[in-house]
Amino acid sequence: MPFAPLQNDSFLRACWRQATDHTPVWLMRQAGRYLPEYVATRARAGSFMGLATNVDYATEVTLQPLARYPLDAAILFSDILTVPDAMGLGLSFEAGEGPRFARPLRDEASIAALEVPDMDKLRYVFDAVASIRKALSGRVPLIGFSGSPWTLACYMVEGAGSSDYRKVKTLLYGRPDLMHHLLRINADAVAAYLNAQIDAGAQAVMVFDSWGGVLADGAFQEFSLASTARVLSQLKHKGADGSPVPRIVFTKGGGLWLEAMRALDCEVLGLDWTVNLGDARRRVGDGPQAKALQGNIDPNVLFAPPETIASEVAKVLQSFGRPHVDPATTGPTHIFNLGHGISQFTPPDHVHALVEAVHSQSRALRA
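Residues numbered from 1 in each chain as written. Predicted model: local features only at pLDDT ≥ 70, side-chain atom pairs only at ≥ 80, totals over all residues. Heavy atoms only, no water.

Draft legend 1. Region of interest: the nonpolar core. Residues F11, M179, L182 and L354 are the most contacted members of the largest nonpolar core, which totals 126 residues. Of all the elements, helix α10 (residues 176–200) adds the most residues to this core, at 14 residues. Residues in contact with L182, not counting those within four places in the same chain, are L105, I111, L114, A153, M156, V157 and L171. (Core = buried A, V, L, I, M, F, W, Y, C linked by side-chain atoms within 4.5 Å. Buried < 20%, exposed > 50% of the residue type's maximum accessible area, 1.4 Å probe, protein only. Helix = DSSP H or I, 4+ residues; strand = E, 2+ residues; numbered from the N terminus. Contact = heavy atoms within 4.5 Å.)

Draft legend 2. Molecular detail of empty space enclosed by the protein. With the rule as written, the count across this model stands at four cavities of 30 Å³ or more. The computed volume of the largest cavity comes to approximately 60 Å³. In terms of lining residues, the largest cavity is bounded by R17, R281, V284, G285, D286, A290, K291, L293, F320, P332 and T333. For the lining of the largest cavity, a count of residues per class yields five nonpolar, two polar and four charged. What lines the second largest cavity is simply A4, P5, L6, R133, L136, G138, V140 and Q203. (1 Å grid on protein atoms, 1.4 Å probe; cavity = no way out; pocket = protein on both sides within 12 Å on 5 of 7 lines; lining within 4 Å. Points joined across faces, edges and corners; volume = space filled by probe spheres on them. Nonpolar A, V, L, I, M, F, W, Y, C, P; charged D, E, K, R; others polar.)

Draft legend 3. Structural detail: the packing of helix α8 (residues 149–158) against α10. Where α8 meets α10, the axes come as close as 9 Å, and the angle between the chain directions of the two elements is 120 degrees. Taken together, α8 and α10 sit at an angle that is classed as oblique. As for how α8 packs across α10, the hand of that crossing is right-handed. Of the residues in α10, those touching α8 at P149, W150, L152, A153, M156 and V157 are M179, L182, L183, N186, A187 and V190. A per-class count over the contact of α8 with α10 returns 11 nonpolar, one polar and no charged. (Axes fitted to C-alpha atoms, helices over the stretch in contact; angles between N-to-C directions. Parallel < 35°, antiparallel > 145°, perpendicular 65-115°, else oblique. Left-handed = near helix turned anticlockwise from the far one by under 90°.)

Draft legend 4. Structural detail: the pairing of strand β5 (residues 204–209). With six of its six residues buried, β5 lies for the most part within the structure. Of the two faces of β5, both are covered, the one formed by A204, M206 and F208 as well as the one formed by V205, V207 and D209. Direction of pairing for strand β4 (residues 142–147) relative to β5: parallel, over a ladder of five bridges. Within β5, the position partnered with G144 by the bridge is V205. Here β5 runs beside strand β6 (residues 247–251); their pairing, made up of five bridges, is parallel. Paired with F208 across the bridge in β6 is F250. Handedness of the β5-helix α11 (residues 219–234)-β6 crossover: right-handed. (Pairing = 2+ DSSP bridges. Right-handed = clockwise from strand over helix to strand, strands pointing away.)

Draft legend 5. Up close: the packing of helix α9 (residues 166–174) against α10. Axis separation between α9 and α10 bottoms out at 5 Å; the angle between their running directions is 115 degrees. As summarised for this structure, α9 and α10 are arranged roughly perpendicular, according to the angle between their axes. In this structure, α9 contributes V168, L171, L172, Y173 and G174 to the contact, and α10 contributes P176, L178, M179 and L182. The residue makeup of the contact of α9 with α10, split by class, is eight nonpolar, one polar and no charged.

Given below as structure tokens:
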């Protein structure tokens, strides 16, 4: 379908390391339980999966934060575990317990039988992407996303979230051949999934390597980074409207490996709050493999008073340093975000304070 012209392209320009008049900002989990309107919509849907699998509900909640805040991008409302659910693992969400799989991967036979799922099983996601893109009517770009192959594997083997990753690391160290097989299947599935989102109208895509940071040095490069690289190598470069689609990789706890991640075939690296942006900017460099940087304020700053939020925003912006301002060239650019997802207990008015501080202060930095 034809899409409306984009009115605010600051996020996409920053992804491509092009000058912008302010630092664009969006928030991981910006459509979520901290918003009373989201809670009301989820109650109507009856469950998280009832919300995520209904195109109208998914469209509604994706747009809710944009009605409150002048954010510079929207992100598809979905979950990182839709892909393994389509593989037949039986995803459910228990109140207060998070996601759980009915049929986790615990033996060689179950891993050997794993296949890239039929993407028609995820049609509800792609229909939501198209619906959201149409509803945005060019207001801001739409980001699609997936979990990384390693992060998906953690949930698929553990069966749920984990505090020690004992089961998945037992597999990794005891049967690395099986782990590599699982990660290859996951990588090919994630690539197909993201490509289908791009075809449906996603204008950027993000890989959430939420649990890459739990790996040891060496294991991260072999199991997480390599499988993410396999995903990126298969992604389409142009979207449904012919525009180029930037790719973002976020590894929570990945600050140790920025030099290795610099070689990834992506445009943006997301950082958690443990990394100094100025240091990251130096480590990523400004050569052919340079990346835009995304992040990285501590989400818990949003529990502080608005004046403290504004001062913490200033610290993040100043740590990155003077942004690129020459429209004739490319250079170091920053996309403001949290260092991880927003907490459900965040006061909504504090998010407004954050967004306003980012926009006003970053404009002043360019003056």
